[in-house]
Amino acid sequence: MNTKKIFYADDSKTMREEVQDNLMRIGISHIKMAENGKEAIELLKSAAKEDHSFDMILLDINMPGFTGIQVLKILRTMPVYEKTPILMVSTENEKEIVLESIVSGANDYILKPFDFDVFKKKTEKYLK
């Protein structure tokens, strides 16, 4: 089993379960999840204080509390997360939203619904 720690925030329980299943399929079992942007910020700040930062963060864009892009911008101001790979996982495919994600500091973008092979390739690229 892989010792990498992954954080995923999505307001859809079904998507959280699907992403968790996919991460486990590629050998990652250390997975922490949040169901909205506010909870994501609280959990990620708490993890950083306890020196339990994550090797990768996956964020949905459309969430209550804070959007994934707002969470991304906050994380990029925190020294512990300024270089952490952050991937947006979203149904949003408008060029402006994808571009805003990348400009705001996202490393990559995975469009939902996604193919397992695409998910695996993109996540493994940043976990090396």
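Structure: see above.
Let us look at the structure shown here. If you're wondering where the values come from, they're calculated on a predicted model, not measured in any experiment.

## Concerning the overall build of the protein
For the protein, the helix and strand inventory stands at five helices and five strands. The C-alpha atoms of the protein give 13 Å as radius of gyration, which agrees with the globular expectation for 128 residues (14 Å, within 12%). Considered along the principal axes of its C-alpha atoms, the protein spans approximately 35 × 30 × 25 Å. Scored against the burial criterion, the 128 residues of the protein give a buried share of 45%. Restricting the contact set of the protein to residue pairs at least 6 apart, pairs at least 24 apart contribute 65%. When the accessible surface of the protein is split by element, carbon and sulfur atoms take 51% of a total near 6800 Å².

## Digging into the pairing of strand 4 (residues 86-90)
With five of five residues buried, strand 4 is to be regarded as a mostly interior element. On strand 4, burial covers both faces: Ile-86, Met-88 and Ser-90 on one face and Leu-87 and Val-89 on the other are all buried. Between the parallel pair strand 4 and strand 5 (residues 108-111), the chain is carried across by helix 4 (residues 95-103), and the sense of this crossover is right-handed.

## Topic: helix 2 (residues 37-49)
Compared with the 18 Å implied by 1.5 Å per residue over 13 residues, the 18 Å span of helix 2 between its first and last C-alpha is a close match. Taken together, the buried positions of helix 2 are occupied by Gly-37, Ala-40, Ile-41, Leu-44 and Ala-47. The arc that holds every buried residue of helix 2, seen down its axis, measures 135°, which confines them to one face. In the core, the buried residues of helix 2 are packed alongside strand 1 (2-9), strand 2 (28-34), strand 3 (56-59) and helix 3 (68-76). The opening residue of helix 2 is Asn-36, an N-cap whose side-chain oxygen sits 3.1 Å from the backbone nitrogen of Lys-38. Backbone geometry just after helix 2 places Asp-51 at a positive phi near 60°.

## Observations regarding the sheet that holds strand 3
The five strands are arranged 2-1-3-4-5 in an open sheet whose pairing can be described as parallel. Taken across any chain shown, the strands that pair with only one partner, and hence form the sheet edges, are strand 2 and strand 5. The mean inter-strand angle of the sheet, taken between neighbouring strand axes irrespective of direction, is 25°. In this sheet, strand 4 lies alongside strand 3 in parallel orientation, the contact comprising three bridges. Residue pairing across strands places Leu-58 opposite Leu-87, the latter belonging to strand 4.

## Points about the packing of helix 3 against helix 4
Packed helices, taken two at a time, are described by the angle their axes make and the gap between the axes. Orientation of helix 3 relative to helix 4, taken along the N-to-C sense of each, is 15°, at an axis distance of 10 Å. Here helix 4 runs roughly parallel to helix 3, going by the angle between their axes. Crossing handedness for the pair helix 3 and helix 4: left-handed. Residue-level contacts link Ile-69, Leu-72 and Lys-73 of helix 3 to Ile-97, Glu-100 and Ser-101 of helix 4. When its residues are assigned to classes, the contact of helix 3 with helix 4 shows three nonpolar, one polar and two charged.

## Remarks on unusual backbone geometry
Peptide bonds are trans in most cases, and residues, glycine excluded, mostly fall at negative phi. For the peptide bond that leads from Lys-112 to Pro-113, omega is -10°, which places it in the cis range. Relative to the assigned elements, Pro-113 resides in the loop between strand 5 and helix 5 (116-127).

About the thresholds
- Residues numbered from 1 in each chain as written.
- Predicted model: local features only at pLDDT ≥ 70, side-chain atom pairs only at ≥ 80, totals over all residues.
- Heavy atoms only, no water.
- Helix = DSSP H or I, 4+ residues; strand = E, 2+ residues; numbered from the N terminus.
- Rg over C-alpha atoms; globule rule 2.2 N^0.38 Å.
- Buried < 20%, exposed > 50% of the residue type's maximum accessible area, 1.4 Å probe, protein only.
- Contact = heavy atoms within 4.5 Å.
- Areas by Shrake-Rupley, 256 points an atom, 1.4 Å probe, with all protein chains shown as cover.
- Right-handed = clockwise from strand over helix to strand, strands pointing away.
- Expected span 1.5 Å × (residues − 1).
- Arc of directions from axis to C-beta.
- Polar contact = N/O pair within 3.5 Å; in protein donor to acceptor, adjacent residues only side chain to side chain.
- Pairing = 2+ DSSP bridges.
- Axes fitted to C-alpha atoms, helices over the stretch in contact; angles between N-to-C directions.
- Parallel < 35°, antiparallel > 145°, perpendicular 65-115°, else oblique.
- Left-handed = near helix turned anticlockwise from the far one by under 90°.
- Nonpolar A, V, L, I, M, F, W, Y, C, P; charged D, E, K, R; others polar.

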